[in-house]
4 protein chains.
Amino acid sequence: MSARDAVLLDNTHRTPAQSLYDRLIATRRLSAELARPLSDEDQVVQANDDASPAKWHLAHTTWFFEAFVLKPFLEVYPLFDERFEYCFNSYYESVGPRHPRPKRGLLTRPSADEVRAYREHVDAALERLFAINLQPRAAELIELGINHEQQHQELLLTDILSLFAGEPLKPAYTRAHPGVAVAEPPPLDWVSFDGGIYAVGHDGEGFAYDNERPRHDELMRPFRLANRCVTNAEWIAFIEAGGYRTATLWLADGWATVKAQGWTSPLYWEEADGGFMQMSLVGFRPLDPAAPVSHVSYYEADAFARFAGYRLPSEFEWEVAADGVPVKGRTLGAGHFRPVRVETRLAGLKQMYGDVWEWTRSAYLPYPGFQAAPGAVGEYNGKFMCNQFVLRGGSCATPEGHIRKTYRNFFYPHQRWQFVGLRLASDA
Amino acid sequence: MSARDAVLLDNTHRTPAQSLYDRLIATRRLSAELARPLSDEDQVVQANDDASPAKWHLAHTTWFFEAFVLKPFLEVYPLFDERFEYCFNSYYESVGPRHPRPKRGLLTRPSADEVRAYREHVDAALERLFAINLQPRAAELIELGINHEQQHQELLLTDILSLFAGEPLKPAYTRAHPGVAVAEPPPLDWVSFDGGIYAVGHDGEGFAYDNERPRHDELMRPFRLANRCVTNAEWIAFIEAGGYRTATLWLADGWATVKAQGWTSPLYWEEADGGFMQMSLVGFRPLDPAAPVSHVSYYEADAFARFAGYRLPSEFEWEVAADGVPVKGRTLGAGHFRPVRVETRLAGLKQMYGDVWEWTRSAYLPYPGFQAAPGAVGEYNGKFMCNQFVLRGGSCATPEGHIRKTYRNFFYPHQRWQFVGLRLASDA
Amino acid sequence: MSARDAVLLDNTHRTPAQSLYDRLIATRRLSAELARPLSDEDQVVQANDDASPAKWHLAHTTWFFEAFVLKPFLEVYPLFDERFEYCFNSYYESVGPRHPRPKRGLLTRPSADEVRAYREHVDAALERLFAINLQPRAAELIELGINHEQQHQELLLTDILSLFAGEPLKPAYTRAHPGVAVAEPPPLDWVSFDGGIYAVGHDGEGFAYDNERPRHDELMRPFRLANRCVTNAEWIAFIEAGGYRTATLWLADGWATVKAQGWTSPLYWEEADGGFMQMSLVGFRPLDPAAPVSHVSYYEADAFARFAGYRLPSEFEWEVAADGVPVKGRTLGAGHFRPVRVETRLAGLKQMYGDVWEWTRSAYLPYPGFQAAPGAVGEYNGKFMCNQFVLRGGSCATPEGHIRKTYRNFFYPHQRWQFVGLRLASDA
Amino acid sequence: MSARDAVLLDNTHRTPAQSLYDRLIATRRLSAELARPLSDEDQVVQANDDASPAKWHLAHTTWFFEAFVLKPFLEVYPLFDERFEYCFNSYYESVGPRHPRPKRGLLTRPSADEVRAYREHVDAALERLFAINLQPRAAELIELGINHEQQHQELLLTDILSLFAGEPLKPAYTRAHPGVAVAEPPPLDWVSFDGGIYAVGHDGEGFAYDNERPRHDELMRPFRLANRCVTNAEWIAFIEAGGYRTATLWLADGWATVKAQGWTSPLYWEEADGGFMQMSLVGFRPLDPAAPVSHVSYYEADAFARFAGYRLPSEFEWEVAADGVPVKGRTLGAGHFRPVRVETRLAGLKQMYGDVWEWTRSAYLPYPGFQAAPGAVGEYNGKFMCNQFVLRGGSCATPEGHIRKTYRNFFYPHQRWQFVGLRLASDA
């Protein structure tokens, strides 16, 4: 450990700006770290239209700092390459034209080496920015940039899984991962909550996205939440009971998708002698029946809940229930790289954070009084508030410190390449 | 008028069963009436995948009574033709296999004549059913069948408009229609409502669909609602200000649709010298700038509201505001066959019913505690609670007596072949 | 029979112009006759993108006379409706814009009645044209118009079959048809032909399309031709031997089509207890194993020939072999409305004309020195000389007198909704 | 130069087997050489469904030797990796299942390094095979393998151009290339040929593909062939005369493609101030008006010829004309990596070999008496004899020694990512 690193770790004497800087460089380093097991070839290919290449994630997160922080706030900032704006803008219409999303995998140039140099160039400029007096708006945007990069760290992992799952050789992203408990997970149990008016949404302490605001009151009815996520074993029971062949369990759009796509199991499952194999970041392995089910669409989660006689929770039920639950769980820092079984048999809610994102029955819509942030970063969340559903709680691929109680993730109901599972709920 | 008809109109001495029968035959007659301006050729063709042929509507509504009322409740009922179940089931998976939706336009057989005979056969059987003691469940299903047929009456008209708009000869569905006021409509004004807890959803008096229940409390924030719908003139201002070319006004999915479809105006508009022409059920005519805009998607309605500095109302804001507003308006009974300008200049909410369905910002989701009806009719509403938005208020094509304060219509956000417009709202 | 009809039938004293007129009105009447079993509904619907509605065929053939004969050659000709040019131009780019081909089925207007009136209007004008001195170029174009209408008569029948086959009620176009012999067809036998230089193409006697010219020499190698077409029984053997599952029998494009379309038999076949049923113009009936196979694509014909150890003939082999064979066979005049079994057991080539068009291995390309006709009618054939294969011999739906030895029909190799079969060939 | 290399170059004392081995290793080396300017990233990506990644070309050509030579003919041959058969089989149905063609770009594994090791493994085994007595059939298949790899060398280059043209940074594949003459090319002139019976097809001396056989007689009519290919300047005249907007110049399928794809110029052209830029293997540069036009589809070539008042030659006209013309031209060995202008002003046919493949009007069909080779290699050519057109003469990317007078290349009429141009012809 260098002297500088030692200083960085001693948070007690750090100013807010220094702390921000610490987290910035830790985040920047983690991205590089996550890319390390990948060859340059692995980093350039786009697995499908939903996914992006790893190199693109590395460059786009860098461009984000360049476009929204360095250009406006650093007096003298030489662009690394002016053509990169076209290459690595994701969807910011206000910023200008950009390379089409489904063609991100054609960018063999700039090379992975050039992208690494780009990252260094921007990191150095960010260091210079901190050397002068950091404006509050710049600090806010750096905070946004850190959180933005964390989101892309998760995407980098899910997109690599998607790529590797499509390769005949079925490579593992990592072989090094901690062991998993072998005890049976606790049986399904219920935790009850009273109805009433609850304040939900972010309260302003620390960072939050604009879509978590404003904090506002919601009128809740009494409800119950399952103590843990639905497991693979429970999902196998759904399959064996004909769940994927029973139209009346499904939303109409879901049933149409099941038939069009030929779904018969979660994504990445493959039937083998005497059971299921599953492709994962740790390779192609026998499915752990006690681990939470993952890679299921909203349609499947909804059908499963109907099959089981329950329903999905609303996003506010989840948030109210999470109140008081420590923000701890098997996220990326746990190093599992996949959802694993619950270890504890203590009563109460388990697995609220980490392992798998949990589908809610809430459409992703603006909170009452929602205002998108001004300027281009206002495109960050608001323009996606249509046709998607909210997920809560983070996953095994969510970076440490990125998740919180009020965090709203969102995906289309047919999507399943993320680490997405479910927890059951019911009216009390 | 026949003696029987005279009796029918004398509602004062009718039993509930007799009243139900009166409404049943009035509804059945109206369907035939609406088909009268159409040739058999007009009735067989399917304009697009969203629309159905008029003949199909006539047959499907008849099949509904056969499948859900006559077969279970009439002791001796000879099927008109057992093959019709396959032909005219719409989407009831529980009932059995069916002719694919996009191929409804291939059904030149059974002929329009046979479908008319089918209607008479079923009407006669329904008459026999009323001659015996009507079971309460049968009465409920007949009520559902009446409402179901009313929905298809509206669809028959919107689908014919869609067909005729695609014909080079641009025929008018009807030439006979009442005159329209020429006075300017009232300027945009606002009506304010307090926040608080309001009960919404159907209270159980009279018929309602399962998706309007259960009645439940909603916590509302103070809001304002526009006194009338957005007009064509206001929409032209949006067009002229570059609304269809300004990405930042749009939801991301909306913008993608605008570009993919090449939208530059509402559906059925055509630019002509010095203004716009509009295809309608009364033919191809100059656009009335004072009439409410119609045939706009949710995406367009949302973008317009953002452009105007306002937002769309939630479905509950609409419902709370409608409380106390008489359920009156230019629906199908008014005989306009198109949305027309507001005539009154009185203060308060105008045009809440009729003219155009109003997009709300509410995703179409189950109410808390929603339970689909048991059996096949449970597929009526619940399985569509995904990916659609709620509309309120009925249109110029909604049959008289079909609409109510708690009525929830729903369409996908890109759809615009219905009579769909919007009313602005804002936080108070 | 009217006096006029009686005169018309007495061909012996007719001038060439009178004969032309006789054939013109006979052709015009036959079109009306073929439409008679159809309701107006049947006539308006378009079965698929390859097919056209019957009403469209009736109107388009009429427009052809209007556009290419009456407008240029009749001094005073009031257009029936100037908008019909847009509606009923098929593909003549030189003439102007036109209604899109896949949307022909949306033309509920003009009505079938109006189209019948249109036909009468044009027929009357054609009669007037004959009353004055007919210019040679006009006579040529009328001849072309007659042949053009005959082609559409065949298409009208194949398109109706395509429509009726897609209807759940599987209606028959006609119930009246002559009986068919029950004797076994003759066994497969071979007729040999010498190599050498042969003149092929049309020699100028009588009408021919431009694509049959110029007559020119072809160098032929010795070859053998099967005495009759391949039968349904022989095709069943191909199916039972796994023909549709054996990739190596197929052209690459053919195999891709088999897999994409899920082909397991000819079009209109349906497996039933103990055999195959077949949809046809005479209804849904058990397949006759002794009838020639029909509704097979080029890909299937080619694969069958490879399976059988033979090949398809070239178009010139067919033409050379047909030299001296009387132009007689079960064409439309025979009234079978479907291919039927060979009756004779005499030696030599049978079934060269009628029953089914025969796929050849010849790509549809211009003959050496080919020149398209000048003007818009030059678009008749030449612009399709790409990506299609030549068929020879006519079918059960080809009008009497339309076929000849040099006639070149052409379709894409995946198409099979025509009456298309095959005859085997081999090198001598 | 190693001693071994020195020996290899001394062809005078080499046995046929030694010569074959020399050519084998020269070919294998050239593939590696062509990949050298590419990063591993460049090599893994698939530009589009028609193209394949460079790494795939390198591996597939290696698998070809493994599957067809080493496995059958080397007594002890350990497979490098048995899973590679699935990864790198292109289309040999007889060999077994394979990775889907449109997903070749997902193969980040095996890595470029592993593929290089695979090549060495196979090369070493091939060396061992030569150390023993080489069976004649093995020698034939090695010869086929050499020619096969040469074809893929050309594809590797055209596919990289396709990839690089889609990259925003528009990289050059190579900067090192010889200068080009600046003199004007010779004016268009004609060379005449007599009609008569000519023998065409391969005569058996040296290697040829099965599709060039059997040699057979063709009856030819007198014709004229242009002395050189059509130039970019001539193509610009076509554009400026509205060629891409004039329907009557085009085949119907061609015109549909022009409209659907929005073609307004050859592939890789881009309009710029005062002229056209062109993407090429030597980068994005101003178009040379005197160079032959390249990257035009059959449809465009055909339309141009019609516009110019001529036609395309048949493949036999080209072959007869090429008789006696030395097989020399700017192929890959010339190192231009793009078509360049004709230098000589001598009379007679120029540019018959190299620069651009020349579209002919001949559909790609079997020669009379064609028999595909037995076994899996029989799938090499025969199964593609449908829907494609023949091209002759080789291009700037065709490896030295690969082309010959009877060589038949073939592509679909809409394809233009190869170096494809045209030479005009006419009847004499």
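It should be emphasised that the depicted structure is a prediction, and the values quoted were computed from it without experimental measurement.

## A few points about the interface of chain A and chain D
Contacts between chain A and chain D engage 28 residues on the former and 29 residues on the latter. With both sides pooled, the region where chain A packs onto chain D buries about 2,300 Å², and carbon together with sulfur makes up 60% of that total. Among the residues of chain A in contact with chain D, Glu41, Arg109 and Leu169 of chain A are the three that bury the most area, contributing 34% of the side total. Counting across the chain A and chain D interface gives 12 residue pairs in polar contact (both at pLDDT 80 or more). Residue assignment for the side of chain A that touches chain D shows that the elements contributing at least two residues are α3 (40-44), α5 (84-88) and α7 (136-165) of chain A. Of the residues that constitute the side of chain A that touches chain D, the class distribution is 15 nonpolar, 6 polar and 7 charged.

## Observations regarding unusual backbone geometry
The bulk of non-glycine residues show a negative phi, and the bulk of peptide bonds are trans. With an omega of -5°, the peptide bond running from arginine 109 of chain A to proline 110 of chain A counts as cis. Mapping proline 110 of chain A onto the fold places it in the loop between α5 and α6 (112-131). Residue proline 214 of chain C is bonded to the preceding arginine 213 of chain C through a cis peptide linkage, with omega at -5°. You can see proline 214 of chain C is positioned in the loop between β2 (196-200) and β3 (216-220). For tyrosine 268 of chain D, which is not glycine, the phi torsion reads 75° and is therefore positive. In this structure, tyrosine 268 of chain D sits in the loop between α9 (252-261) and β5 (269-272). Residues other than glycine seldom take positive phi values, yet asparagine 387 of chain D does so here, at roughly 70°. You can see asparagine 387 of chain D is positioned in the loop between β10 (357-363) and β11 (389-392).

## With respect to the relation of the copies chain A and chain D
Rotating chain A by 180° and translating it 0.1 Å along the rotation axis places it on chain D, where the RMSD comes to 0.0 Å. These values place the two chain copies in the arrangement generated by a two-fold rotation axis. Minimal C-alpha separation from the rotation axis in chain A is found for glutamate 41 of chain A, amounting to 2.4 Å. Interface overlap between copies is the fraction of interface residues in one copy that are interface residues in the other; for chain A against chain D it reaches 100%, indicating a shared surface.

## Some remarks on the sheet that holds strand β7 (residues 283-286) of chain C
Residue and element names in this part refer to chain C. Strand order in this open sheet of 3 strands is β5-β6-β7, and the pairing throughout is antiparallel. Looking at which strands have only one partner, the edges of the open sheet turn out to be β5 (269-272) and β7. Averaged over all adjacent pairs, the angle separating strand axes in this sheet is 30°, with direction ignored. Where strand β6 (residues 275-280) and β7 come together, 4 bridges link them in antiparallel fashion. The residue bridging serine 280 from the neighbouring strand is glycine 283, located in β7. The strands that helix α8 (residues 232-240) touches are β5 and β6; relative to β5, the one it contacts most, it runs at about 70°.

## Re the side chain of asparagine 227 of chain A
Residue and element names in this part refer to chain A. In this fold, asparagine 227 is placed in the loop between β4 (223-226) and α8 (232-240). Looking at asparagine 227, its side chain comes within polar contact range of the main-chain oxygen of proline 187, at 3.1 Å. Setting aside chain neighbours within four positions, we find asparagine 227 in contact with Pro186, Pro187, Leu188, Asp189, Gly348, Leu349, Lys350 and Arg423.

## As for α6 of chain A
In this model α6 of chain A runs 29 Å from its N-terminal to its C-terminal C-alpha over 20 residues, within 8% of the 28 Å that 1.5 Å per residue would give. Those residues of α6 of chain A hidden inside the fold are in contact with α2 (16-35), α3, α4 (54-73), α5 and α7 of chain A together with α3 (40-44) of chain D.

## Observations regarding the packing of aromatic side chains
One pass over the full model with this rule turns up 148 aromatic pairs over all chains. Centre to centre, the rings of phenylalanine 84 of chain D and tyrosine 118 of chain D are 4.9 Å apart; their planes meet at 85°, and the pair counts as edge-to-face. Of this pair, phenylalanine 84 of chain D sits in helix α5 (residues 84-88) while tyrosine 118 of chain D sits in helix α6 (residues 112-131), placing them 34 residues apart in sequence. The residues phenylalanine 84 of chain D and tyrosine 118 of chain D share a single accessibility class, namely buried. A cation sits over an aromatic face here: arginine 416 of chain B above tryptophan 263 of chain B, 3.9 Å from the ring centre.

The rules behind these values
- Residues numbered from 1 in each chain as written.
- Chains lettered and ligands numbered in written order.
- Predicted model: local features only at pLDDT ≥ 70, side-chain atom pairs only at ≥ 80, totals over all residues.
- Heavy atoms only, no water.
- Contact = heavy atoms within 4.5 Å.
- Buried area = accessible area lost by both parts, 1.4 Å probe.
- Polar contact = N/O pair within 3.5 Å; in protein donor to acceptor, adjacent residues only side chain to side chain.
- Helix = DSSP H or I, 4+ residues; strand = E, 2+ residues; numbered from the N terminus.
- Nonpolar A, V, L, I, M, F, W, Y, C, P; charged D, E, K, R; others polar.
- Least-squares fit on C-alpha atoms with pLDDT ≥ 70 in both.
- Pairing = 2+ DSSP bridges.
- Axes fitted to C-alpha atoms, helices over the stretch in contact; angles between N-to-C directions.
- Expected span 1.5 Å × (residues − 1).
- Phe/Tyr/Trp six-rings, centres within 6.5 Å; stacked < 30°, edge-to-face > 60°.
- Buried < 20%, exposed > 50% of the residue type's maximum accessible area, 1.4 Å probe, protein only.
- Lys NZ or Arg CZ within 6 Å of the ring centre and 35° of its normal.

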